[in-house]
Structure formats: structure tokens, C-alpha cells
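Remarks on the overall topology
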Amino acid sequence: MQPAVITDEISQEFERALDVMLEYGVRAAELRGLWGTNVMDLDPDQRERARRALRSRGMHVCGIASPLFKCDLHPRAGGEARGPLHLAVERSRDQQLTLLEHAIELCRFFETDQVRIFAFWRGGVPTPAIYDEIAACLRPAVERAEAAGIVLGLENEHACYLGTGAETAPLVARFGSPALRAVWDPGNAFMLGERPYPDGYEAIRSYLRHVHVKDAVRDADGSGRWVIVGEGEIDYAGQFRALARDGYTGYVSLETHYRAPSGDPEESSRRCLEGMLRLIAAATR
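In this report, we go over the structure that sits alongside the text.

So, how was this worked out
- Residues numbered from 1 in each chain as written.
- Predicted model: local features only at pLDDT ≥ 70, side-chain atom pairs only at ≥ 80, totals over all residues.
- Heavy atoms only, no water.
- Helix = DSSP H or I, 4+ residues; strand = E, 2+ residues; numbered from the N terminus.
- Expected span 1.5 Å × (residues − 1).
- Buried < 20%, exposed > 50% of the residue type's maximum accessible area, 1.4 Å probe, protein only.
- Arc of directions from axis to C-beta.
- Contact = heavy atoms within 4.5 Å.
- Polar contact = N/O pair within 3.5 Å; in protein donor to acceptor, adjacent residues only side chain to side chain.
- Phe/Tyr/Trp six-rings, centres within 6.5 Å; stacked < 30°, edge-to-face > 60°.
- Lys NZ or Arg CZ within 6 Å of the ring centre and 35° of its normal.

**Some words on helix α2 (residues 44-56)**
Taking 1.5 Å per residue, 13 residues should reach 18 Å; α2 reaches 18 Å between its end C-alpha atoms and fits that length. The set of residues buried in α2 consists of Gln46, Arg47, Ala50, Arg51, Ala53 and Leu54. Buried residues of α2 fall within an arc of 160° about the axis and therefore sit on the same side. Relative to its buried face, α2 has exposed residues pointing more than 90 degrees away, namely Pro44, Asp45, Arg55 and Ser56. Against the buried residues of α2 lie α1 (14-23), β2 (28-31), β3 (33-34), β4 (37-38), β5 (60-68) and α3 (96-110). Near the N-terminus of α2, the side chain that reaches the backbone nitrogen of Asp45, with its oxygen 3.1 Å away, is that of Asp43. Where α2 ends, the next residue or the one after it, Gly58, has phi of about 65°, a positive value.

Written out as C-alpha cells, the structure is:
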């Protein structure tokens, strides 16, 4: 398995984030926010600056962390987004295929083949009818991805309809397409009450394309709280051993979320990256 980092968890200053990653020997960057702008909204000069920064350091992009399908499945009156958008502008369901075309352009520009997607803002437990509707909405996107030779990585997101391994696997299985695979996020599954390893992983393992890493604990009031990777309730030691056992050769990408007492995202990410790398090393000895 190959370590990576969602760069804006370290810093919005892209070059600084890359330099910190290199200190730890991590050369794969997942792109979401750069210089206070979502990756989907970078202008041509910003894109070129990012590519130069990567090439000059001998680094590469492992995926475009887009907000695709982070929108309402059914129209509703006004209001704020139902979950985090990470600098992105929320777009309607009808705008998602146009957004996908831009994501494909970004894949070609940054020489990667993966676009992260979601399954609409959560409006309760997904029913068979909801699964049918999500599948119908995603089908044109999957067909376009097949034609373009890219992979849509469907992330389980606790703010979206498919938030656990058990919820996400049936949708990916329904398509049976190499262009739709799973981005497995144990932290998001934990927030919805699933035991990420082994339960969530056993559900999703056959469809795995990419892994996000963030750790959490459950406080006395039942709420989840992000912590340093390796210090939470998610069995990442077991998770990484299972990935190694199963021959997983893809990326495991740090998505820190934890904040140190100082509030500094770089310090927080350093501590989490150190924890993640220790666990990977132990699992792959």
C-alpha cells in the first residue's frame, strides 16, 4: 500500500504541504483545496502552478478529491449544505455531469485516473427506492467514466446517503463496472455507528480502490471526535494488516481532521501522518 495525503489538511499553501509530505517520504498528493480554492475551481494559472510544484519535487497526484454528487437528491427550499464542501460551491443534481467533464479534464492535466464522488446528502437511511434513484443518477456518470478511461471512487460519507461500508457496497456491486469503485473511509463509517474494521471493511473490501485515514473516539454524550491516527477507537492496526494480507497496492491517504490543542493544521497533520506511517510499517513488516 502507498501512503498519500489530502494536501489541504496540512496547509492551503500547496507548496508548503508538499514540502511537509516530502519530509516523511510521501510523494502522492490527493487534491482538494489549494490556496483557499477548491480543486474544481482552480483557474488556469493555479493549475499550472500546482503542476510545476509537483513536478519540481518529483511528486504526483493520486486522485482528484472532487465534491461530485455532494448535493440534494431531491430539490428542497434553500438552506445551507447538509455537510462539508471544503471550499467547493454546491451545485444542483442537474449540474453534476457538467462538473464531471471538468473533473475528467483535471485528471488528464494532473495525470491521474481517479475522481472521488459521493451519493447525495443524507435524508435518512437509504431505502431500496433510494438505491434505485441513486443508481439511475450515477449511471450516466459511470458510462462517461468508462468512455474516458477513469475511475469514479465512491466515498462512504456520513453526511451522505451511503455512509458506511455496508451501505456503499451494494451500490458499487450493482454496477459491476471497473469505472465505479469504492473509496473506503473508516472514519466516516465510525461516525455513523458502523464498526469500521472488521465489519465495514468486510462489506467493502471486494470493491476497494482507495482508502482515507482519519481516527476518532466516541465521547460520553455519543458524539464522535477526531483524534491522532492510532489513538482512537478505529482498529487501524487490524485494518492495515488486513489490507496487506489482501494484497492491496493502492493508496492510503491521510485526511487528518484532528486538531491539536494549538489548532495548527500542520502540527495536527504531522502527528497523524507519523501515526499512520508507523501503523503501515508495522503491518507490512
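**Focus on the packing of aromatic side chains**
Tallying each qualifying case throughout the model produces five aromatic pairs. Aromatic side chains Phe109 and Phe110 sit 5.0 Å apart centroid to centroid with 80° between the ring planes, which places their arrangement in the edge-to-face category. The exposure classification of Phe109 matches that of Phe110, with both residues buried. When the ring centre of Phe109 is taken as origin, the NZ or CZ atom of Arg51, which lies over that ring, is 3.8 Å away. Lying across the ring of Phe190, Arg218 places its NZ or CZ 4.4 Å from the centre.

By themselves, these observations are geometric and do not establish any function.
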